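# Observations on the model geometry
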Amino acid sequence: MNTYLRPILILLMTFTLITVLAACGTAPTEESDKTTGSETLLEKIQAEGKLPIGTEGTYAPFTFHDETGALTGFDVEVATEIAKRLGVEPVFMETQWDAMFAGLDAGRFDMIANQVGIRPDRKEKYDFSDPYIVSAAVLVVHQDNDSVKDFEDITGLKAGQTLTSNLTDIAREHGAEIVGVEGFNQAMDLLSSKRIDVTINDGLSVLDFLKQRPDAPVQIVARHSNAAYNGFMFRKGNEELIEAVNQALKEMQEDGTYLQISEKWFGADVSK
């Protein structure tokens, strides 16, 4: 070989070897990026220290603003305690009901706490926590009424109901005479003054009413068998986060924290 070419060839071989080694050295970086990309939503939330939560803020007693302007309510307190047990800060992001699901879809928040019913149509697109509150229709009468004990006893009686409510269907099915009302408060006023005999209404709303007005002359005498179960809602594919939320709920029920919050807002255990 020409003695003048030998140094050039050695230089080229050295350069090639360095290039190969440099290329090999990039492999760990690519693997590291891949690992970072597989971070679960729970890990991301815990790393950032915040849990974004969608809620209305206008739906008492579940999520609303008190006289000081602070966001409060049953759902807010339960969600706050869950976040605490996950080791993060709850960040409530208020939005209208119609926009709430879209906000979850878009990743504006990672959980909804707003009395969302666990229904088959919703479960097709979203995942839910275990139920954290249960509501059933209840039969309410005046406290002086000792003849009505169950739904079968309301045949022919005047039932104060909003005309388009599913609860009105229950009253009709049991033979009651429907007296149209504008809403829950009017039904309770008519019942208190004995201008109607009964009303069938949402159990949680009645418990809240009795908590706010313990002197109201009305009483719950029966609970319908068909109950509605509500849960915290999530985007699909975040099983680790949902499991952590369910574990926090379980611990809250075991150590009495849930019951304390429930009795504060409703004067009863609303988990069942």
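Scroll up for the structure.
First, a word on scope: everything that follows refers to the structure included in this document. Counting restarts for each chain, with residues numbered from 1 along the sequence as it is written. Totals for whole chains, interfaces and linings use all residues, but because this is a predicted model, local features are given only for residues with pLDDT of at least 70 and pairs of side-chain atoms are given and counted only at 80 or more. As a rule here, side-chain values come from all non-hydrogen atoms in the structure, and water together with hydrogens is ignored.

### Things to note about the pairing of strand β5 (residues 111-117)
Most of β5 sits out of view: 7 of its 7 residues are buried. Bridge count between strand β1 (residues 50-55) and β5: 2 bridges; the pairing is parallel. Counterpart to glycine 54 in the pairing with β5 is isoleucine 112. Two strands make a pair as long as DSSP finds a minimum of two bridges between them. Per the convention used, a helix needs a DSSP run of H or I reaching at least four residues, while a strand needs a run of E reaching at least two, with both numbered from the N terminus. Pairing of β5 with strand β11 (residues 218-235), which is carried by 3 bridges, proceeds in the antiparallel orientation. Following the sheet pairing, valine 116 is matched in β11 by glycine 231. For every residue, the accessible area obtained with a 1.4 Å probe (protein chains only) is divided by the maximum for its type, and the residue is called buried under 20%, exposed over 50%, and partly exposed between those limits.

### Remarks on the pattern of salt bridges
Any Lys or Arg side-chain nitrogen found within 4 Å of a carboxyl oxygen on Asp or Glu counts as a salt bridge. In this structure the tally under the stated criterion is 12 salt bridges. Measuring nitrogen to oxygen at the nearest pair gives 2.7 Å for the salt bridge that ties glutamate 81 to arginine 85. Here the residue glutamate 81 and the residue arginine 85 both occupy positions in helix α4 (residues 74-85), the gap between them amounting to 4 residues, near one helical turn. Glutamate 81 gets classed as buried once you look at its relative accessible area, which sits at 16%. Of the residues examined, arginine 85 reaches a relative accessible area of 28% and is grouped as partly exposed. One continuous salt-bridge network, built from bridges that share partners, spans Glu81, Arg85, Glu251 and Asp255.

### Focus on the pairing of strand β9 (residues 177-180)
In this sheet, β9 lies alongside strand β8 (residues 158-161) in parallel orientation, the contact comprising 4 bridges. Residue pairing for β9: glycine 160 is matched across the bridge by valine 179. Orient the strands so they point away from the viewer, and a crossover whose first-strand-to-second-strand path over the helix runs clockwise is right-handed. Read from β8 through helix α7 (residues 166-173) to β9, the crossover connection turns out right-handed.

### Remarks on the side chain of aspartate 208
The topology assignment puts aspartate 208 in helix α9 (residues 203-212). The buried charged residue aspartate 208 lacks any salt bridge partner; its closest oppositely charged side chain belongs to lysine 211, at an N-O distance of 7.7 Å. The contact criterion used is simple: two residues touch if any of their non-hydrogen atoms lie within 4.5 Å. If we skip the residues at most four places from it in the chain, aspartate 208 touches Pro61, Trp265 and Phe266. His is not counted, nor are the chain ends; Lys and Arg add positive charge and Asp and Glu add negative charge.

### As for unusual backbone geometry
Leaving glycine aside, a negative phi is the common case for residues, and trans is the common case for peptide bonds. In the segment running from alanine 60 into proline 61, the intervening peptide bond is cis, with an omega of 0°. Relative to the elements of secondary structure, proline 61 occurs in the loop between β1 and β2 (64-65). Phi angles above zero are rare outside glycine, and glutamine 115 is one such case at about 55°. Position of glutamine 115 among the secondary structure elements: in strand β5. A residue is classified by how much of its surface remains accessible, and glutamine 115, at 11% relative accessible area, is buried.

### Section: the packing of aromatic side chains
Stacked, edge-to-face and tilted labels apply to pairs of Phe, Tyr and Trp rings (six-membered ring for Trp) whose centres lie within 6.5 Å, assigned for plane angles under 30 degrees, over 60, and everything in between, in that order. A full pass over the atoms with the stated rule returns 10 aromatic pairs. Here tyrosine 59 and phenylalanine 62 contribute two aromatic rings whose centre-to-centre distance is 4.9 Å and whose plane-to-plane angle is 50°, an arrangement assigned as tilted. Residue class for tyrosine 59 comes out partly exposed when judged on its relative accessible area of 36%. The class of phenylalanine 62 is buried, set by a relative accessible area of 4%. With a centroid separation of 5.4 Å and 65° between ring planes, the pair formed by phenylalanine 74 and phenylalanine 266 is classed as edge-to-face. In this pair, phenylalanine 74 sits in helix α4 while phenylalanine 266 sits in helix α11 (residues 257-266), placing the two residues 192 residues apart along the sequence. Taking relative accessible area as the criterion, phenylalanine 266 reaches 2% and is therefore assigned buried. Members of the aromatic cluster, connected to one another through ring pairs, are Tyr59, Phe62, Phe74, Tyr132, Phe232, Tyr258 and Phe266.

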